[in-house]
Amino acid sequence: MKLIDGGICAAKGFMASGIHCGIRKNTAKRDLSLIFSEKQATAAAVYTTNLVKGAPLLVTKAHLANGTAQAVICNSGNANTCNANGVEIAEKMCELTAAATGVAADDVVVASTGVIGQPLSLDPIAPAIPALAALLTKDGSDDAAQGIMTTDTVKKEVAVEFTVGGKTCHIGGIAKGSGMIHPNMATMLVFVTTDVAISSEMLQKALSTDIQNTFNMLSVDGDTSTNDMVTVLANGMAENEEITAEGEDFDTFMKALNTVTVFLSKSIAGDGEGATKLLECVVTGGKTEQIAKTVAKSVVCSSLLKAAMFGADANWGRVLCAIGYSGADVDVTKIDVAFKSPKGEILVCKDGAGVPFSEEIAKEILLEKEIDILVALNDGEATATAWGCDLTYDYVKINGDYRT
């Protein structure tokens, strides 16, 4: 298995495009993206657990009830959420995409991201979709990745190559996500494509299983979006024997999918609104996996710890504090904590109590852009990893006038 270029177009038969159509005021930013498969694909998706759901999610869920899709249309700049005519707009976007690409309207996945509660007009979208379809290309992943960005500062794109049943296969993904990130299924918008032949049932099983240890272990600010969605399209053009049950081929596919989703999870965390650092909390020695997960997620969600990491302050007490209120069944007197980065590793807590350490060395370690928070519960064999970012002044600046 190896990382390759191409993003969502790395898989055979997939093309993409992205343009500025006029939803966003900044004409330099793309705001409409299209992903297209030459062949109808099996499809799977997971959606936000927020009771307030964007209209595109409702339409997409209905379209994927039969387990197939062939195109994805996504706009940025407006979430199409809490709008009286939201479903009508989302359905029309699918119909326009179908007309421009020649696929069935119910084979179109539709997604939107941006401001909630702001009416979305079709005026800039309708005339742009034919042009968007005409621009579809095997080199279009980058443009599509840019077209789904909102407050993201960098595009999030990855692809891997691997072998299933003697056939060379590919899987790629793009994502957007920077703020309003605290999912209980997935995060913001993620689109994954693959040329693997796999049934829709097994594809759904793979995705639903994978997110428990990837996107569900990610938090930027504690807010679960109304538009969170992850979709996977698999068109089978690698011509491997179709995966219809668990086994070696399914395990290989799961590993490839996990490589893509871990990369995207870390990319989203590292690009949190206003963030300067990627935080990775690695918990070992839990009595159960759920305990380890609860601890890891609580640590990366702690606003006080996130602020301390911004200031490169080795305030390890905030780690124990977050563990203490997590609700996890742990023995605090057994917990060890260390901080690690490319500059080294330093133990700051042993058996639930502080140990002497150099504040100067600790600060040097914490000034790096990627920080590992190592928590040893010393109470079992279970492990878990969660991702987050530091909390900075800029987060408040960005969200203070996000709408206006």
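Now for a look at the structure at hand. (Residues numbered from 1 in each chain as written. Predicted model: local features only at pLDDT ≥ 70, side-chain atom pairs only at ≥ 80, totals over all residues. Heavy atoms only, no water.)

**Section: the environment of Asn85**
Checked against the element boundaries, Asn85 lands in the loop between β4 (68-78) and α2 (86-101). According to the relative accessible area criterion, Asn85 is partly exposed, its value standing at 32%. C-alpha of Asn85 to C-alpha of Leu32: the two residues are 53 residues apart in sequence and 20 Å apart in space. (Helix = DSSP H or I, 4+ residues; strand = E, 2+ residues; numbered from the N terminus. Buried < 20%, exposed > 50% of the residue type's maximum accessible area, 1.4 Å probe, protein only.)

**Things to note about the nonpolar core**
Counting 71 residues, the largest nonpolar core has Phe253 and Val375 as the members making the most contacts within it. The element that contributes the greatest number of residues to this core is helix α6 (residues 248-270), accounting for nine residues. (Core = buried A, V, L, I, M, F, W, Y, C linked by side-chain atoms within 4.5 Å.)

**Concerning the side chain of Lys176**
Inspection of the secondary structure assignment puts Lys176 in strand β7 (residues 167-176). Classification of Lys176 as buried rests on a relative accessible area of 2%. A polar atom in the side chain of Lys176 sits 2.7 Å from the side chain of Thr150. (Polar contact = N/O pair within 3.5 Å; in protein donor to acceptor, adjacent residues only side chain to side chain.)

**Comments concerning the pattern of salt bridges**
In this structure the tally under the stated criterion is 15 salt bridges. Salt-bridge contacts for Asp142 lead to Lys155; the nearest nitrogen and oxygen are separated by 3.3 Å. Of this pair, Asp142 sits in helix α4 (residues 141-147) while Lys155 sits in the loop between α4 and β6 (156-164), and the two are 13 residues apart along the sequence. With a relative accessible area of 26%, Asp142 lands in the partly exposed category. Where Glu289 meets Lys293, a salt bridge forms, and the shortest distance between an N and an O atom there is 3.9 Å. Pair noted here: Glu289 and Lys293 are both in helix α7 (residues 289-301), with a separation of four residues, about one helical turn. Judged by relative accessible area, which is 42%, Glu289 ranks as partly exposed. It is possible to trace a salt-bridge network through shared partners that takes in Asp152, Lys156, Lys176 and Asp271. (Salt bridge = Lys/Arg side-chain N within 4 Å of Asp/Glu carboxyl O.)

**A short note on the packing of helix α5 (residues 200-210) against α6**
At a minimum axis distance of 10 Å, the contact between α5 and α6 shows a crossing angle of 45 degrees. If you check the angle between α5 and α6, you find them oblique. For the crossing formed where α5 meets α6, the hand is right-handed. Here α5 contributes Met202, Leu203, Lys205, Ala206, Leu207, Thr209 and Asp210 to the contact with α6, which in turn contributes Phe250, Phe253, Met254, Leu257, Asn258 and Thr261. Here the residues of the contact of α5 with α6 sort into eight nonpolar, three polar and two charged. (Axes fitted to C-alpha atoms, helices over the stretch in contact; angles between N-to-C directions. Parallel < 35°, antiparallel > 145°, perpendicular 65-115°, else oblique. Left-handed = near helix turned anticlockwise from the far one by under 90°. Contact = heavy atoms within 4.5 Å. Nonpolar A, V, L, I, M, F, W, Y, C, P; charged D, E, K, R; others polar.)

**Side note on the layout of surface pockets**
In this structure, the largest pocket occupies an estimated 540 Å³ of space. In this structure, the largest pocket is lined by 20 residues; those nearest its centre are Ile23, Arg24, Lys25, Gly77 and Val115. At the level of elements, β4 and β5 (108-115) are the ones that each hand at least two residues to the lining of the largest pocket. (1 Å grid on protein atoms, 1.4 Å probe; cavity = no way out; pocket = protein on both sides within 12 Å on 5 of 7 lines; lining within 4 Å. Points joined across faces, edges and corners; volume = space filled by probe spheres on them.)

**Structural notes on the side chain of Asn83**
Turning to its location among the elements, Asn83 is positioned in the loop between β4 and α2. A distance of 3.1 Å separates a polar side-chain atom of Asn83 from the backbone oxygen of Gln118. Beyond its immediate chain neighbours, meaning those up to four positions away, Asn83 contacts Asn78, Gly117, Gln118, Pro119 and Leu120.

**Observations concerning the sheet that holds strand β14 (residues 370-376)**
Ordered by their spatial adjacency, six strands build an open sheet running β13-β12-β11-β14-β10-β15, and the pairing between neighbours is mixed. Edge positions in the sheet fall to β13 (353-354) and β15 (382-389), since each of these pairs with one other strand and no more. Relative to β15, α6 is tilted by about 40 degrees, and along the sheet it contacts β10 (278-286) and β15. Each of β11 (336-341), β12 (344-350) and β14 touches helix α10 (residues 359-366); the most contacted strand, β12, lies at about 120 degrees to it. (Pairing = 2+ DSSP bridges.)

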